[in-house]
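Residue-level structure breakdown
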Amino acid sequence: MARALFRASAPGNLMLLGEHAVLHGRRALCCAVDKRMEVRLTPLKTKTLEIASALGSYESSLDEPAPSDRFSFILHAVEKQKNKLPGGMRLEVKSGFSSTVGLGSSAAVTVAATAALMAYSGQPCSREEIFREARGTIRAVQGLGSGADAASSVFGGVLVYRMDPLEIRKLSHCPPITLVYSGYKEPTVKVVKHLEQRREKDPELFENIFNAIDQSVPKAADAVEAQDWPALGRIMNAHQDFMAQMELTTPDLDRIITILRASPGISGAKISGSGLGDCAVGIGVAKLKDIGYDVIRVGISAEGLRLD
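Attention in this report is confined to the structure presented alongside it. These numbers come from a predicted model, not from an experiment.

Taking strand neighbours across the sheet as the criterion, the four strands line up as β9-β10-β8-β11 in an open arrangement whose pairing is antiparallel. Of all the strands in the sheet, just β9 (266–272) and β11 (294–296) have a single pairing partner and so form its edges. Direction aside, neighbouring strands of the sheet carry axes that sit 25 degrees apart on average. In terms of strand pairing, β9 meets strand β10 (residues 279–284) through six bridges, oriented antiparallel. Residue pairing for β10: Ile-271 is matched across the bridge by Ala-280. Lying on the sheet, helix α7 (residues 229–245) is in contact with β9 and β10; it crosses β9 at an angle near 35 degrees. Running over the sheet, helix α8 (residues 251–261) touches β8 (177–181), β9 and β10 and is turned about 165 degrees from β9.

Here it is as structure tokens:
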């Protein structure tokens, strides 16, 4: 096989603050992590689409690609660019982290695949355009999406993000973090739908929560810029109270957060992600051993998308 002519990689991502509120026009604080997804694109002489990854293999006609749930994000990204592509291709996906842990693997692979496809088609590859294309793909596949995960994977670092009106502001510093996985997670779309059913029954409660989250994000951004991790930790703790009010915590997540907050070097801790499972994140570095949960060795990355 010929050498890969187009290669893109994008980091995974985490939500630090603003889960769910970001879907309702409020600001969030999100970040890229130092684990990456890489997509290598090799042009083919035939109008064929091939995909190879840890999830398996795929081969189909580029003109009418067969559906596949395993590769839905990549296939939709290909569909969006199909009329601009000069020919068939083989896409090889290499992951630096497991898709079972909530590090935004779908957004990362969508960003990397979109960048490689746009480069192959000869289009201008500004980060802004790659972000918009990737966000559109994620929304089409999932049926929803704020775009915070795609923004983190494209731009890297810690971002203040708002969906509408769009705001992406990269901060100058990255806090130390400790991430612990509960051992299970619910699909984000399922959790969002569950929360929306509750919000319809008590819209005033949720509006108050979302407004409080929105108002505290600039304060958290100021703490990051000042590298004031205790102040950031206090805001994280307050946000965990909001997650609890929205009934998004579980006994396992509560135990992990208690362990984190009791650990030297941790300033605060909360759920990271949509909730009802997945991870909790602490601000600071904790030496955790034999706690009964997986400690994910990951840090925040200032670097976003790479395109070779």
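Back to the write-up after that little detour.
With that out of the way, let us pick up the environment of Tyr-293. By the secondary structure assignment, Tyr-293 is in the loop between β10 and β11. By relative accessible area, Tyr-293 is classed as buried at 16%. C-alpha of Tyr-293 to C-alpha of Ser-106: the two residues are 187 residues apart in sequence and 24 Å apart in space. Apart from residues lying up to four places away in sequence, Tyr-293 is in contact with Val-180, Tyr-181, Ser-182, Asp-252, Arg-255 and Ile-256. Within polar-contact distance, the side chain of Tyr-293 engages the side chain of Arg-255 at 3.1 Å.

What counts and what doesn't
- Residues numbered from 1 in each chain as written.
- Predicted model: local features only at pLDDT ≥ 70, side-chain atom pairs only at ≥ 80, totals over all residues.
- Heavy atoms only, no water.
- Pairing = 2+ DSSP bridges.
- Helix = DSSP H or I, 4+ residues; strand = E, 2+ residues; numbered from the N terminus.
- Axes fitted to C-alpha atoms, helices over the stretch in contact; angles between N-to-C directions.
- Contact = heavy atoms within 4.5 Å.
- Buried < 20%, exposed > 50% of the residue type's maximum accessible area, 1.4 Å probe, protein only.
- Polar contact = N/O pair within 3.5 Å; in protein donor to acceptor, adjacent residues only side chain to side chain.

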